[in-house]
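# Summary of the model geometry
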Amino acid sequence: SQQGEEDPQALSIQEGENATMNCSYKTSINNLQWYRQNSGRGLVHLILIRSNEREKHSGRLRVTLDTSKKSSSLLITASRAADTASYFCATDAGVYGGSQGNLIFGKGTKLSVKP
Amino acid sequence: EAGVTQSPTHLIKTRGQQATLRCSPISGHTSVYWYQQALGLGLQFLLWYDEGEERNRGNFPPRFSGRQFPNYSSELNVNALELEDSALYLCASSAGTSAFFGQGTRLTVV
């Protein structure tokens, strides 16, 4: 079953605009991660935010986490056509004997950045 | 350093046949995860192997099985293929928190 649910399902913006994607999850987590997928190929890890963090930055990416609302957002600033991809949030399924456990992914947001 | 590699890239099988998909993790990673991504859908967790043992399994029938070898590479086997098994199968490896994905095997069942 899905743990994370992203919204919107699809987002279309112009180059230079900011893109905001949201993710909600159901159970308590150790961390939340965002991944990117180009054209149905492998996923690329973008950023990880731990449950005791509220905000994290990486280049043009900004992630926030609100554990009280069980939600996270990914902001891509000054978007480029090359940012066109699907973006997924993922939460850990729990800790198994010290191991990370498998990640549970949402259905993703399909971002289209028009030049 | 080589990333996660999956083979084959594409696989076409007939309904009822068996498919075997392979994954080589990043050197030093002991955990391997398998996911199914049907067209237009999110990733569904299939299996997690760590140190040669199956650690967790997603909500899939027993005809989806796999194993992890002593060198930490892994195989996913799908028996009695059904049309609905057509999907992109992604393998990921991890040494901690973040997962590193291969490019996937696109399985088509006809």
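The preceding data block contains the structure.
Reading the values: rules and limits
- Residues numbered from 1 in each chain as written.
- Chains lettered and ligands numbered in written order.
- Predicted model: local features only at pLDDT ≥ 70, side-chain atom pairs only at ≥ 80, totals over all residues.
- Heavy atoms only, no water.
- Pairing = 2+ DSSP bridges.
- Helix = DSSP H or I, 4+ residues; strand = E, 2+ residues; numbered from the N terminus.
- Axes fitted to C-alpha atoms, helices over the stretch in contact; angles between N-to-C directions.
- Contact = heavy atoms within 4.5 Å.
- Polar contact = N/O pair within 3.5 Å; in protein donor to acceptor, adjacent residues only side chain to side chain.
- Buried < 20%, exposed > 50% of the residue type's maximum accessible area, 1.4 Å probe, protein only.
- Salt bridge = Lys/Arg side-chain N within 4 Å of Asp/Glu carboxyl O.
- Core = buried A, V, L, I, M, F, W, Y, C linked by side-chain atoms within 4.5 Å.
- Buried area = accessible area lost by both parts, 1.4 Å probe.
- Nonpolar A, V, L, I, M, F, W, Y, C, P; charged D, E, K, R; others polar.

With that settled, the discussion passes to the sheet that holds strand S1 (residues 5-7) of chain A. All names here are of chain A. Within the open sheet, the five strands sit side by side as S1-S3-S8-S7-S6. Their pairing is antiparallel. The strands lining the two open edges of the sheet, one partner per strand, are S1 and strand S6 (55-58). Ignoring strand direction, the axes of neighbouring strands in this sheet form an average angle of 15°. Pairing of S1 with strand S3 (residues 19-24), which is carried by three bridges, proceeds in the antiparallel orientation.

Residue and element names in this part refer to chain B. Turning to its location among the elements, Gln17 is positioned in the loop between strand S2 (10-13) and strand S3 (19-24). Not counting the four nearest positions on each side in its chain, Gln17 is found in contact with Val78, Asn79, Ala80 and Leu81. Within the local environment of Gln17, its side chain forms a polar contact with the backbone nitrogen of Thr14, the two atoms lying 2.8 Å apart.

Residues and elements named next belong to chain A. Tracing the backbone through its elements, the reader meets Arg36 in strand S4 (residues 31-37). On the basis of relative accessible area, Arg36 is assigned to the buried category, the value being 17%. In this structure the side chain of Arg36 is engaged in a polar contact, spanning 2.6 Å, whose partner is the backbone oxygen of Ala82. Each residue touching Arg36, except ones within four places of it in the same chain, is listed here: Gly42, Leu43, Val44, Leu46, Ala82, Asp83, Thr84, Ala85, Ser86 and Tyr87.

Summed over the entire model, instances satisfying the criterion amount to nine salt bridges over all chains. Between Glu75 of chain B and Arg67 of chain B there is a salt bridge, with the nearest N and O atoms lying 3.3 Å from each other. Taking the relative accessible area as the measure of exposure, Glu75 of chain B reaches 10% and is therefore buried. One salt-bridge network, held together by shared partners, links Arg36, Arg60 and Asp83 of chain A.

It is worth spelling out the nonpolar core at this point. Of all hydrophobic cores here, the largest spans 22 residues; its most connected members are Leu21, Trp34, Leu46, Leu76, Tyr89 and Leu107 of chain B. Listing elements by their share of this core, those giving two or more residues are S3, strand S4 (31-37), strand S5 (44-50), strand S8 (74-78), strand S9 (87-94) and strand S11 (105-109) of chain B. Setting aside anything within four residues of it in sequence, one finds Tyr89 of chain B in contact with Gln6, Leu21, Tyr35, Gln36, Leu46, Phe64, Leu76, Gly104, Thr105 and Leu107 of chain B. Listed in part, the 20 residues of the second largest apolar core include Met21, Leu32, Tyr87 and Leu111 of chain A.

For the rest of this paragraph, the subject is the interface of chain B and chain A. Taken residue by residue, the interface counts 22 residues in chain B and 22 residues in chain A. Carbon and sulfur atoms make up 50% of the surface buried where chain B meets chain A, a total of about 1,800 Å² over both sides. Taken together, the links from chain B to chain A amount to zero salt bridges. The tally of links between chain B and chain A comes to four residue pairs in polar contact (both at pLDDT 80 or more). Counting residues per element, the ones that place at least two in the side of chain B that touches chain A are S4, S5 and S9 of chain B. Its residues assigned to classes, the side of chain B that touches chain A comprises nine nonpolar, eleven polar and two charged.

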